[in-house]
Amino acid sequence: MGRRAPLIAATAALLLLTACHHEDPATARAGAAALVAGVPLTSPGFPPDASRAREELAGLKVEWGRNWETYKREDFGRYWSDETDAVGGRNGCDTRDDVLRRDLRELRQGDRNPCVVVSGMLHDPYTGKELPYSYRRASQIQTDHVVALGAAWRGGAYAWTAQRRLEYANDLDGLLAVDKQTNYDKSSKTADKWRPPAKGYWCEYARRYTGIKAKYRLSVTPPEKLALEELLATCG
């Protein structure tokens, strides 16, 4: 909680300033931009390097998924939420906007609201496609949970509190901006049933996947562990 206190104070100060009728709009926008920019959008050392990922994978509990029949998407929250202590939480921005700000290049942000991404370009990690983004147009970009919510549920999230599941669903470490159709194809499949079409991303995908499993102490199935070992072998 210690690192949250300055952020909460800064947020309160920002709201007080913007409520004042005599506040210079340019100054208010600059203050908001500074607050947004001050919150990290990834954990230090995440994703783990290949060596660390192999160690983490070896330490994961291996068991077959449980309670799959009770999974419901709304158990992880109905909408994106900033009200968690996950990476990027409590910075005043929508989780999806945080992902876009982190993953897009040639980024243009809103003048009045620096949280909003107006336009940018995504190099899709799963396919290698270059995907343009515009706030005012239908997008081919979606936000993917690297370890899908359904897979997390089967791996142990069924036993979590509602707040813990909300935190997982909004943790930027476990999220990527990706091609929409590829995200549909992936759905809630685990690493033994789906891997990115772009083989050059297999190593990082396995590092991210294993890292989020270890962070939340989720179990892996025997085929899932074998698949992750094979993907990590591509790291060299």
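Look a little higher up for the structure.
Rules used in this analysis
- Residues numbered from 1 in each chain as written.
- Predicted model: local features only at pLDDT ≥ 70, side-chain atom pairs only at ≥ 80, totals over all residues.
- Heavy atoms only, no water.
- Disulfide = S-S within 2.5 Å.
- Helix = DSSP H or I, 4+ residues; strand = E, 2+ residues; numbered from the N terminus.
- Buried < 20%, exposed > 50% of the residue type's maximum accessible area, 1.4 Å probe, protein only.
- Pairing = 2+ DSSP bridges.
- Axes fitted to C-alpha atoms, helices over the stretch in contact; angles between N-to-C directions.
- Core = buried A, V, L, I, M, F, W, Y, C linked by side-chain atoms within 4.5 Å.
- Contact = heavy atoms within 4.5 Å.
- Salt bridge = Lys/Arg side-chain N within 4 Å of Asp/Glu carboxyl O.
- Polar contact = N/O pair within 3.5 Å; in protein donor to acceptor, adjacent residues only side chain to side chain.

Draft legend 1. Molecular detail of the state of the cysteines. On inspection of all chains with the given rule, the structure shows two disulfides. One disulfide bridge connects C93 with C115, the sulfur atoms lying 2.0 Å from each other. Between C93 and C115, the disulfide has an S-S torsion of -70° and is therefore left-handed. Residue C93 is located in the loop between α3 (50-59) and α4 (95-103), and its partner C115 is located in the loop between β1 (105-109) and β2 (117-123); the two are separated by 22 residues in the primary sequence. Judged on exposure class, the residue C93 and its partner C115 are both buried.

Draft legend 2. Up close: the sheet that holds β2. One open sheet holds the three strands; their spatial order is β1-β2-β3, and the pairing between them is antiparallel. A strand with exactly one partner marks an edge of an open sheet, and here the two such strands are β1 and β3 (130-134). Strand-to-strand twist in this sheet, taken as the mean axis angle between neighbours without regard to direction, amounts to 10°. For β2 and β3, the ladder comprises five bridges, and the chain directions are antiparallel. Bridging across to β3, H123 finds its partner in E130.

Draft legend 3. Local environment of the nonpolar core. Of all hydrophobic cores here, the largest spans 34 residues; its most connected members are F76, Y126, Y168, Y205, Y209 and L228. Sorting the residues of this core by element identifies α3, α5 (149-154), α6 (162-169), β5 (175-179), α8 (202-215) and α9 (222-233) as the ones contributing at least two each. Once you skip the residues sitting within four places of it in the chain, Y168 turns out to touch F76, H145, V147, A148, L149, A152, W160, I212, Y216 and L218. Core analysis: the second largest hydrophobic core is formed by 13 residues, L122, I141, L172 and A177 among them.

Draft legend 4. Focus on the pattern of salt bridges. One pass over the structure, following the stated rule, counts 19 salt bridges. In this structure, K193 and D192 form a salt bridge, with 3.3 Å as the shortest nitrogen-oxygen distance. Residue classification places D192 among the partly exposed residues on the basis of a relative accessible area of 28%. Because the salt bridges share partners, they merge into one network encompassing R52, E55 and E56.

Draft legend 5. Representation of α4 in the model. Within α4, seven of the nine residues are buried, which leaves the element mostly enclosed by the surrounding structure. Within α4 the residues assigned to the buried category are T95, D97, D98, V99, L100, R101 and D103. A side-chain oxygen of the first residue of α4 lies 2.7 Å from the backbone nitrogen of R96; this N-cap is D94.

Draft legend 6. Region of the structure containing unusual backbone geometry. For the bond running from F46 to P47, omega is 0°, close enough to zero to count as cis. Position of P47 relative to the elements: it lies in the loop between α2 (25-37) and α3. With a phi angle near 60°, R90 is a residue other than glycine that sits in the positive phi range. The residue R90 is located in the loop between α3 and α4 in this model. Looking at R90, the relative accessible area reads 27%, which means it is partly exposed.

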